[in-house]
Amino acid sequence: MRSYQTIILIAVLLLSVGCNKNYQQFGAHKKAQNVILLIGDGMGLAQMSTAYYFGEGQPNFSRFPIIGLHQNKPTDELITDSAAGATAFSTGYKSYNAAIGVDGDTIPRETILEMAAARGMSTGLIATSSITHATPAAFFAHVKERGLQEDIAAQLPKEPVDFFAGGGLKFFNNRQDGRNVLEDLAKAGFTIDTARLDRPAKLSLSQKYGYLLAPDGMPKMQEGRGDFLPQATQLALDYLSLNKKGFFLMVEGSQIDWGGHNNDSEYVIEEVKDFDKALGVALDFAKKQGNTLVIVTADHETGGMSLSAAKVRMQDDYNHIKPTFSTGGHSASLIPVYAYGPGAWAFAGIYQNNDIFRKMVEALRWN
Ligand code: MG
Ligand code: ZN
């Protein structure tokens, strides 16, 4: 063999080893057994970027090999709310603002959580809002209007949810109709804790676990919520991963959106930091487990947040960031998607929010 042929051969071999490594990291080679979908409600690029300027150490966002963008326009308007946004992720159908698990014609559509359960997988939902709030609700409930939180609560015992943690107790036990839906949850096999995120002595798939730890939304991080979100994520993963058929888990950092609505950058920053910790828990699990697709995204951006320079005597001070906001509502900007694990490669590029549903289904090889 001539020397230039040897060099070419070595180069090709090196290249193929390199590609193979990327091929595995981007998850093109195998089927996902589990999916963890983490939604930072209202988390646009500016909100996510605060983790890089106001956080400690390297954010967990940096651990994702694949980044894409989604457009989140609903069927009836240009700018989405969380209900239509989450319904697009959960069902693959774009719908109207306020829709929960129903399409543009108010027809209930099967959610990825329901589909997972029908295939023998375990399912979980975690939020720092009420568990009946738009984002988590769109994964298990089917109602025409997001404000019907008591109806949403009443649907939970009939739905194939195995684990949930968040706020919203009042929609179960302090209702207009006088019903106590906690009793229905107990009949459906749930152990309900309304006091704290206590870890059961022994987690068992023959049990279901529900944590309702606030009357409505959970406290803010600034009010001492502590490590609820990362700890609930860890507990859910320890439980759901007992199922060898796999699981679907949705984790929401609900209050990034609320900080944006309040145009309160400190509120946003603390909620993003907390959400980033939950990402770390999900990624550590996925790395160890090997067959878990982790997706991080937001439904939309809130506040038109910008990481502007601080102003000193009318001048921009490029040494200091003082976030500003352009609206008290949501904005239309495209939203980042971060992916890790089997099927992750498909999340590169620019696509619609409801394509995220299809990409998850493809990663699970359900079709
Ligand atoms: Mg939400
Ligand atoms: Zn909002």
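In this text, all values refer to a predicted model and were calculated from it rather than measured experimentally.

The rules behind each value
- Residues numbered from 1 in each chain as written.
- Chains lettered and ligands numbered in written order.
- Predicted model: local features only at pLDDT ≥ 70, side-chain atom pairs only at ≥ 80, totals over all residues.
- Heavy atoms only, no water.
- Phe/Tyr/Trp six-rings, centres within 6.5 Å; stacked < 30°, edge-to-face > 60°.
- Helix = DSSP H or I, 4+ residues; strand = E, 2+ residues; numbered from the N terminus.
- Buried < 20%, exposed > 50% of the residue type's maximum accessible area, 1.4 Å probe, protein only.
- Lys NZ or Arg CZ within 6 Å of the ring centre and 35° of its normal.
- Donors = N, O, S within 2.8 Å, 3.2 Å for Na, K, Ca; no water.
- Core = buried A, V, L, I, M, F, W, Y, C linked by side-chain atoms within 4.5 Å.
- Contact = heavy atoms within 4.5 Å.
- Tetrahedral: all angles 85-135°; square planar, octahedral: opposite > 155°, others 65-115°.
- Pairing = 2+ DSSP bridges.
- Axes fitted to C-alpha atoms, helices over the stretch in contact; angles between N-to-C directions.
- Polar contact = N/O pair within 3.5 Å; in protein donor to acceptor, adjacent residues only side chain to side chain.
- Salt bridge = Lys/Arg side-chain N within 4 Å of Asp/Glu carboxyl O.

Overview of the packing of aromatic side chains
How two aromatic rings sit relative to each other is given by the distance of their centres and the angle of their planes.
Line of reasoning, step 1. Under the defined criterion, the tally for this structure stands at 8 aromatic pairs.
Line of reasoning, step 2. Pairing Phe163 with Tyr211 gives two aromatic rings, centres 5.9 Å apart and planes at 50°, and the pair type is tilted. Of this pair, Phe163 sits in strand 4 (residues 163-167) while Tyr211 sits in strand 6 (residues 208-212), placing them 48 residues apart in sequence. An identical accessibility class is assigned to Phe163 and Tyr211; each is buried.
Line of reasoning, step 3. Consider the rings of Phe163 and Tyr239, whose centres lie 6.2 Å apart with planes at 35°: the pair is tilted. Here Phe163, found in strand 4, pairs with Tyr239, found in helix 9 (residues 228-240); they are 76 residues apart in sequence, far enough to count as distant. The burial state of Phe163 is the same as that of Tyr239; both residues are buried.
Line of reasoning, step 4. In this structure an aromatic cluster arises from ring pairing among Phe163, Tyr209, Tyr211 and Tyr239.
Line of reasoning, step 5. Positioned over the ring face of Tyr267 is Lys220, at 4.4 Å from the centre of the ring.
Line of reasoning, step 6. In this structure, Lys359 is placed above the aromatic ring of Tyr351, and the distance from its NZ or CZ to the ring centre is 4.4 Å.

Description of the coordination of the magnesium ion (ligand 1)
Line of reasoning, step 1. For the magnesium ion (ligand 1), the full set of protein donor atoms is Asp41 (OD), Thr135 (OG1) and Glu252 (OE), at a range of 2.0 to 2.2 Å.
Line of reasoning, step 2. Counting gaps between the donor residues of the magnesium ion (ligand 1) yields the pattern D-x93-T-x116-E. Of this pair, Asp41 sits in the loop between strand 1 (34-40) and helix 2 (45-53) while Thr135 is found in helix 5 (residues 134-140), placing the two residues 94 residues apart along the sequence.
Line of reasoning, step 3. Classification of Asp41 by relative accessible area gives buried; the value is 2%.
Line of reasoning, step 4. Of the residues examined, Thr135 reaches a relative accessible area of 0% and is grouped as buried.

Examining the nonpolar core
Note on soluble globular proteins: their nonpolar side chains tend to be buried together.
Line of reasoning, step 1. With 53 residues, the main nonpolar core has Phe139, Phe172, Phe248 and Phe347 as its most contacted residues.
Line of reasoning, step 2. Other than its neighbours up to four places away in sequence, Phe347 contacts Ile66, Ile67, Gly68, Leu293, Ile295, Val337, Ala339, Ile356, Lys359 and Met360.

Here we look at the coordination of the zinc ion (ligand 2)
Line of reasoning, step 1. At 2.1 to 2.4 Å from the zinc ion (ligand 2) lie its protein donor atoms, namely Asp257 (OD), Asp257 (OD), His261 (NE2) and His330 (NE2).
Line of reasoning, step 2. In this structure, the zinc ion (ligand 2) is coordinated by 4 donor atoms arranged in irregular fashion, with angles at the metal of 56 to 157°.
Line of reasoning, step 3. Spacing between the donor residues of the zinc ion (ligand 2) along the chain follows D-x3-H-x68-H. Note that Asp257 is positioned in helix 10 (residues 256-261) and His330 in strand 12 (residues 330-331), a separation of 73 residues in sequence. Of the two residues, Asp257 and His330, both sit in the buried class.

Concerning the sheet that holds strand 3 (residues 122-130)
Line of reasoning, step 1. Read across the sheet, 10 strands follow the order 5-6-4-3-7-1-8-13-2-14 without closing on themselves; strand pairing throughout is mixed. Every interior strand has two partners, whereas the edge strands, strand 5 (190-193) and strand 14 (349-352), have only one. The average undirected angle you get between the axes of adjacent strands in this sheet is 15°.
Line of reasoning, step 2. Sheet topology note: the strand 3/strand 4 ladder contains 4 bridges and is parallel. Looking across to strand 4, one finds that Leu125 is bridged to Phe164.
Line of reasoning, step 3. Running over the sheet, helix 9 touches strand 1, strand 3, strand 4, strand 6 and strand 7 (247-253) and is turned about 170° from strand 3.

Side note on the environment of Thr135
Line of reasoning, step 1. Taking the C-alpha atoms as reference points, Thr135 and Arg313, 178 residues apart in sequence, are found 42 Å from one another.
Line of reasoning, step 2. Dropping the residues within four chain positions of it, Thr135 is found in contact with Ile39, Asp41, Ser82, Ala86, Glu252 and Asp299.
Line of reasoning, step 3. Of note is the side chain of Thr135, whose polar atom sits 3.1 Å from the side chain of Asp41.

Digging into the pattern of salt bridges
Line of reasoning, step 1. Summed over all chains, the structure comprises 16 salt bridges.
Line of reasoning, step 2. Across the pair Glu56 and Lys273 runs a salt bridge whose closest N-O atoms are separated by 3.5 Å. Of this pair, Glu56 sits in the loop between helix 2 and strand 2 (66-71) while Lys273 sits in helix 11 (residues 265-289); the two residues are 217 residues apart in sequence, bridging distant segments of the chain.
Line of reasoning, step 3. Note on Lys273: relative accessible area 24%, which makes it partly exposed.

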